[in-house]
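# Structural description and commentary
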Protein chains: 2
Amino acid sequence: MRGATTGLSVAHGIVGIICNGGYNINKLCAVGEAIACDRGRRSGKVTVSIREVAKRAGVTHGTVSKVLGGNPKYSIPQSTRQRILSAVDELGYRPNYLAQSLKLGRTDIYGFYSGSRHFEIPNAYIANILEGLRAGCNECEKDLLLVGTFRGTDPVTVYNALANGKIDGLVVFMYEYDALCAALANSSLPVVAIVDPVPSIPSVSLDEQMGGRLIAEHLAERGHRRVVYCTAYAPMASALERHAAFLREAERLGLAVLEFADHAGFEELDAYMALPVSERPTAVVCWHDRAAESLLGHCSDLGISVPTELAVIGFDGVPFSPESQMRLTTVVAPWRDVAREAVRLLDRRVAGDAIPPLTHLSVEFKEGATG
Amino acid sequence: MRGATTGLSVAHGIVGIICNGGYNINKLCAVGEAIACDRGRRSGKVTVSIREVAKRAGVTHGTVSKVLGGNPKYSIPQSTRQRILSAVDELGYRPNYLAQSLKLGRTDIYGFYSGSRHFEIPNAYIANILEGLRAGCNECEKDLLLVGTFRGTDPVTVYNALANGKIDGLVVFMYEYDALCAALANSSLPVVAIVDPVPSIPSVSLDEQMGGRLIAEHLAERGHRRVVYCTAYAPMASALERHAAFLREAERLGLAVLEFADHAGFEELDAYMALPVSERPTAVVCWHDRAAESLLGHCSDLGISVPTELAVIGFDGVPFSPESQMRLTTVVAPWRDVAREAVRLLDRRVAGDAIPPLTHLSVEFKEGATG
DNA sequence: GTGAAAGCGCTAACAC
DNA sequence: GTGTTAGCGCTTTCAC
């Protein structure tokens, strides 16, 4: 048995040793800073500014700025530069981002705003989107600001919270009929929409046509003739487009399509299932995996065997942990990539490039055990 | 069958109708803004400032500031106030956050930084932490900045990126032996650590003592005599503390404990399982659910039946979707609450209150089907 | 090569 | 009640 308890008992000691040994603490916790700790934030000067560095180095603050800015256009001799850098070190000077940003009109922060009422990060679909945003921001070296929803729903207030200089660009996730869209579209703030494409805002979304088509083809191939489509609780452009594509393809393939709405419970579906066998649907296409999972529960409750009696097809395919994932037949949507691509486009847009109004990412049919 | 296709075909039309009908577009997309769109950001003045509002209202910018600031200390007559508000409306003025923040020394943004190399949002554990941060920030009306990791690992650089005025407070998630800790502890930036407690930084974490104890008690109750503890890949204070608590309690209860490390594969465990029955362990306690899930896979591969031959206990209990979650016996950790509590404390700290150096949240034993 | 000065947009103390 | 002014910390143009 190994001595893990020993490791624990000295754990606090380790901190001091490693920290003091490894780095110049003066650089991290400088004189000015220590004073600041004592006084608290409100009583007087807390941070050391460029002017104090200048004084200590015997130059003016303009010169300090030139050295620190690193613009090769100004040639500052090594001696002065060295004096300034020493002063920076000794005083523990750190440039104030706010002042810098105000002057430069740039914050190096991208924002994300979701108007969705159903926004919950542990929802794997959302988590993947956030991960994509994070990855994208890391790539282009920006921090990511999650703009809070506490401001309510008044578009003017929300817009003001978004377009006030705090961020250099914005990724949004909202319905195209949100009043905010018009404002953002006309704003000078670079914006990219994800998931639900928004007209007049560059958007990154799934190839919903492909999604709808793949599902219809699969069902037809499997010999289904009558199927049910379970629609979204809200008229989201992306879901509608997939729905329409599905219907088009279903018609072409001779599939009869019944419908019921996700939010309305299973009464309608139950009614369909009570039809005589000749008229009874043999598959349900759900607008997303969660609806499909809930339906599977319902089938299990009613003793409907899946997929023999009823096939169930989802849409999303966001991997939970591989082991725990249900073997749902679904269409895998690259949410992570959607978000990351959005940030990449945003970055190009911010840099002044033109970007495509609409970017579609392919989806992939994934045959599971439910249909 | 319902006509969803109709809804789709007019979808784009809806935008205009709803947006124009519902709100004052001038407020959202004002004159100055429209011009800005044309010119782009770099060519000249983009935003309308308080001075332009002042000019239009026939007052000075100081007066405008007073009206907009809403400080009751200054009493501005209705007539002037009205003129100013109209000008604000007509010009589509929005206060510049950067300027405001620079002046006030406050950004209304809380930051989150994770030094962990394993930071991936789709990991349910992380997702729940982020959700807690989001909820907490929403409660105290702050935006949440995810500080990127692209700056590398040099503590000076990272520290500069954190303590530069960009945020009012910080929640961190890192090992206590990270060099950054010392810097943050001495910084004037209010900081709260989560998950792994950091000495000298107020921390919110789980009651690991309780976690370790609950597991040992459960195993003893179930009649186990020889168990294996699967340890973390890194010496995290929280995991070490739980481990130690488990060992203590196990000893008290007369449980023999073998060990193996998560990262080292299953060779050690296999060796234990090859022992004669009298010496063979009957349960494995994993330092977190992921390790447990992976172990379950291993057992399944080797034909070891769980929990008959070997009980498997996890730690985390973050719910994936309820339907898809494995029925793992585990200890449920309230990650969401840990993060939310951290933000609440941070908010109090920023307001000037004293906050406890250490906050522990209770965990809950959850009996599943694996032990 | 370095200094002086203007100004980013805002708030707040002080004067009238 | 309103105007004036200083200044938050920084960058950058223009003199010297």
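So, a few notes on the structure that sits alongside this text. (Residues numbered from 1 in each chain as written. Chains lettered and ligands numbered in written order. Predicted model: local features only at pLDDT ≥ 70, side-chain atom pairs only at ≥ 80, totals over all residues. Heavy atoms only, no water.)

### Side note on the protein's contact with DNA strand D
Surrounding DNA strand D, one finds 31 residues, the nearest of these being A:Ile50, A:Tyr93, B:Lys66, B:Pro77 and B:Thr80. At 3.4 Å from a base oxygen of DNA strand D is found a side-chain nitrogen or oxygen belonging to B:His61. Residue assignment for the surface near DNA strand D shows that the elements contributing at least two residues are α5 (50-57), α6 (61-69) and α8 (97-104) of chain A together with α6 (61-69) and α8 (97-104) of chain B. Residues belonging to the surface near DNA strand D are distributed by class as follows: ten nonpolar, 13 polar and eight charged. (Near = heavy atom within 4 Å. Polar contact = N/O pair within 3.5 Å; in protein donor to acceptor, adjacent residues only side chain to side chain. Helix = DSSP H or I, 4+ residues; strand = E, 2+ residues; numbered from the N terminus. Nonpolar A, V, L, I, M, F, W, Y, C, P; charged D, E, K, R; others polar.)

### A closer look at the protein's contact with DNA strand C
Lining the immediate environment of DNA strand C, one finds 31 residues, of which A:Thr63, A:Pro77, A:Thr80, B:Ile50 and B:Tyr93 sit closest. B:Lys73 places a side-chain nitrogen or oxygen 3.2 Å from a phosphate oxygen of DNA strand C. Every element with two or more residues in the surface near DNA strand C is listed here: α6 and α8 of chain A together with α5 (50-57), α6 and α8 of chain B. Its residues assigned to classes, the surface near DNA strand C comprises ten nonpolar, 13 polar and eight charged.

### Here we look at the packing of aromatic side chains
Both the distance between ring centres and the angle between the ring planes are used here to describe each pair of aromatic rings. Enumeration according to the criterion identifies 14 aromatic pairs over all chains in this entry. Where B:Tyr125 meets B:Phe173, the ring centres are 6.3 Å apart and the plane angle is 85°; that geometry is what we call edge-to-face. Highlighted residues: B:Tyr125 in helix α9 (residues 124-139) and B:Phe173 in strand β3 (residues 169-173), separated in sequence by 48 residues. We note A:Arg242 situated over the ring of A:Phe315; from NZ or CZ to the ring centre the distance is 3.5 Å. Geometry around B:Tyr74 places B:Lys66 over its ring, the cationic atom sitting 5.5 Å from the centre. (Phe/Tyr/Trp six-rings, centres within 6.5 Å; stacked < 30°, edge-to-face > 60°. Lys NZ or Arg CZ within 6 Å of the ring centre and 35° of its normal.)

### Let's talk about the side chain of A:Asp289
On the secondary structure map, A:Asp289 appears in helix α15 (residues 289-302). If we skip the residues at most four places from it in the chain, A:Asp289 touches A:Gly314, A:Phe315, A:Asp316, A:Gly317, A:Val318, A:Leu328 and A:Thr330. (Contact = heavy atoms within 4.5 Å.)

### Focus: the pairing of strand β3 (residues 169-173) of chain A
All names here are of chain A. Summarising burial for β3: five of the five residues are buried, a large majority. Burial along β3 is two-sided: Gly169, Val171 and Phe173 and Leu170 and Val172, pointing in opposite directions, are all buried. With five bridges connecting them, strand β1 (residues 109-114) and β3 associate as parallel partners. If you follow tyrosine 110 over to β3, its bridge partner there is glycine 169. (Buried < 20%, exposed > 50% of the residue type's maximum accessible area, 1.4 Å probe, protein only. Pairing = 2+ DSSP bridges.)

### Quick notes on helix α13 (residues 237-253) of chain A
All names here are of chain A. Along its 17 residues, α13 runs 24 Å from first to last C-alpha, staying within 8% of the 24 Å computed at 1.5 Å per residue. Across the 17 residues that make up α13, a large majority, 13, are buried. Of the residues trailing α13, glycine 254 is marked for its positive phi of about 75°. (Expected span 1.5 Å × (residues − 1).)

### Points about the pairing of strand β11 (residues 358-361) of chain B
Residue and element names in this part refer to chain B. Taking every second residue as pointing to the same face, the buried face of β11 carries Thr359 and Leu361, while none of Leu358 and His360 on the other face is buried. With four bridges joining them, strand β5 (residues 203-206) and β11 adopt parallel strand pairing. The residue of β11 that forms the bridge with valine 204 is threonine 359.

### Describing the sheet that holds strand β11 (residues 358-361) of chain A
With mixed pairing, the twelve strands of this open sheet are ordered in space as β11(A)-β5(A)-β4(A)-β3(A)-β1(A)-β2(A)-β2(B)-β1(B)-β3(B)-β4(B)-β5(B)-β11(B). Where the open sheet ends on each side, the last strands, each with one partner, are β11 of chain A together with β11 of chain B. With strand direction ignored, the average angle separating the axes of adjacent strands in the sheet is 20°. (Axes fitted to C-alpha atoms, helices over the stretch in contact; angles between N-to-C directions.)

### As for the sheet that holds strand β7 (residues 256-261) of chain B
Residues and elements named next belong to chain B. In space, the four strands of this open sheet follow the order β7-β6-β8-β9, with parallel pairing throughout. Two strands close off the open sheet at either side, each with one partner strand: β7 and β9 (311-313). Between one strand and the next, the sheet's axes are offset by a mean angle of 20°, whatever the strand orientation. Relative to β7, strand β6 (residues 226-231) runs parallel, the two sharing six bridges. The residue of β7 that forms the bridge with cysteine 230 is phenylalanine 260.

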